[in-house]
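# Remarks on the overall topology
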Amino acid sequence: MELPNLFFLLILITQARGASYNYDSNGDDWTTGVCSTGTKQSPINIVLSSASVDTSLGEFVLTNYDDDSKYGVIKNNGHTIQVDMADDTVTLNGGGLDGGPFILAQFHFHWGTSDSTGSEHTVDGNRSPLEIHFVHYKQSLGDLSTAAGTADGLAVLGFFFEVYPSDNAYLDPFLDAISSVAKKDQNATLSSPPVIDAIFQNVNTSLFVRYSGGLTTPGCNEVVQWTVFTEKIRISSVQLAKIRLSYQDTSGATAIGKNYRSTQSINSRTVKISYDPSISAAPILTLNMLFLLLSAIVGFLYCQI
Ligand SMILES: *[C@@H]1O[C@H](CO)[C@@H](O)[C@H](O)[C@H]1NC(C)=O
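A few points on the structure. (Residues numbered from 1 in each chain as written. Predicted model: local features only at pLDDT ≥ 70, side-chain atom pairs only at ≥ 80, totals over all residues. Heavy atoms only, no water.)

## Looking at the packing of aromatic side chains
Each pair of aromatic rings is reported with the distance of its centres and the angle of its planes. In this structure the tally under the stated criterion is 18 aromatic pairs. Centre to centre, the rings of Phe-107 and Phe-109 are 6.3 Å apart; their planes meet at 85 degrees, and the pair counts as edge-to-face. Exposure class is identical for Phe-107 and Phe-109. Each is buried. Here Phe-208 and Phe-229 contribute two aromatic rings whose centre-to-centre distance is 6.1 Å and whose plane-to-plane angle is 65 degrees, an arrangement assigned as edge-to-face. Pair noted here: Phe-208 is in strand 13 (residues 208-213) and Phe-229 is in strand 14 (residues 224-235), with a separation of 21 residues, a long-range link. The class of Phe-208 is buried, set by a relative accessible area of 0%. Grouping aromatic residues by their ring pairs yields a cluster made of Phe-60, Tyr-65, Tyr-71, Phe-107, Phe-109, Phe-134, Phe-159, Phe-174, Phe-200, Phe-208 and Phe-229. (Phe/Tyr/Trp six-rings, centres within 6.5 Å; stacked < 30°, edge-to-face > 60°. Buried < 20%, exposed > 50% of the residue type's maximum accessible area, 1.4 Å probe, protein only. Helix = DSSP H or I, 4+ residues; strand = E, 2+ residues; numbered from the N terminus.)

Here's what the structure looks like:
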């Protein structure tokens, strides 16, 4: 074979492999779509103190999120564990989203190789061990693939998890199902899942960040109205270990390991925040200061003895 032909063949192979992306470089080597050329990419590092406070975003309206009969299959697609919805009746509106209502299509997880890494978004540089994404498409656009090709067509809700000493029982039906969908392309139905909003029942959904971004997987389409909540869902270390028993191949040889993309440049985007983070941080500061004051007094008295 002549050298130019070999070169052409290599390009073809590389392009074909684009469909089967991996997280070996946390997405830094993705070249499909606008992954490497876009200016509104996701995820991002959220700097709370530089976010623009907008208290007019309003409350979310979640419809049928309190229904446990809406789950379709749970599946391993080789990149994540995903739970599909059975129909198009679980919806999201309000929260300052443009063009709602939005229909929940699926939710899925992003994690890492240990409890200290895994989330896609970071807050003030800190990465959580797990992040869940609820993916919704604009109802007026008809279906997920059309919406994924339209500006502002998708609304994704992202929640962080934090390690907690005891299990979060609401997560067990999903984590237990992983043993039957551990290998790529396996799927199963859930037994006794909770109502959908039980997953984030301890999170105040009035406290969130909003920005315009994209899909965090190839082709990285810049079509997402992102919502990232600042309060976290609790999960135990034992539960986190269960999600890591998912494999990227059909034989179960190689664990998914990590499936979070590197944070991307904010460029000229504005990140909005639904509340004033400096006000809610104030009581914690006061407590810290009180503790310091008490420590100083105790230390002073101790020295007098
Ligand atoms: C959630 O946050 C909002 C905004 O700070 C606050 O008004 C509301 O009381 C909070 N809800 C709960 C249940 O803590």
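## Describing the pairing of strand 5 (residues 81-85)
Burial of strand 5 is extensive: five of the five residues sit out of reach of the surface. Taking every second residue as pointing to the same face, both faces of strand 5 are buried, with Ile-81, Val-83 and Met-85 on one and Gln-82 and Asp-84 on the other. In the sheet, strand 4 (residues 71-76) pairs with strand 5 via four bridges, with the strands oriented antiparallel. Across the sheet, the residue bridging to Lys-75 is Gln-82, located in strand 5. (Pairing = 2+ DSSP bridges.)

## Digging into the pattern of salt bridges
In the structure shown here, the tally under the stated rule is eight salt bridges. Asp-67 is the partner of Lys-70 in a salt bridge, and the nearest nitrogen-oxygen pair spans 4.0 Å. Across the pair Asp-87 and Lys-70 runs a salt bridge whose closest N-O atoms are separated by 3.3 Å. You can see Asp-87 sitting in the loop between strand 5 and strand 6 (91-94) and its partner Lys-70 sitting in the loop between strand 3 (60-63) and strand 4, a full 17 residues away along the chain. Owing to a relative accessible area of 31%, Asp-87 belongs among the partly exposed residues under this scheme. By relative accessible area, which is 12% here, Lys-70 ends up buried. (Salt bridge = Lys/Arg side-chain N within 4 Å of Asp/Glu carboxyl O.)

## Observations regarding unusual backbone geometry
Pro-43 follows Ser-42 through a cis peptide bond whose omega is 0 degrees. With respect to the helices and strands, the residue Pro-43 is situated in the loop between helix 1 (3-18) and strand 1 (45-46). The omega angle of the peptide bond from Pro-218 to Gly-219 is 0 degrees, so this bond is cis rather than trans. Secondary-structure assignment places Gly-219 in the loop between strand 13 and strand 14. Its identity is not glycine, yet Asp-185 carries a phi of approximately 75 degrees, on the positive side. Of note, Asp-185 is situated in the loop between helix 3 (172-177) and strand 12 (187-189).

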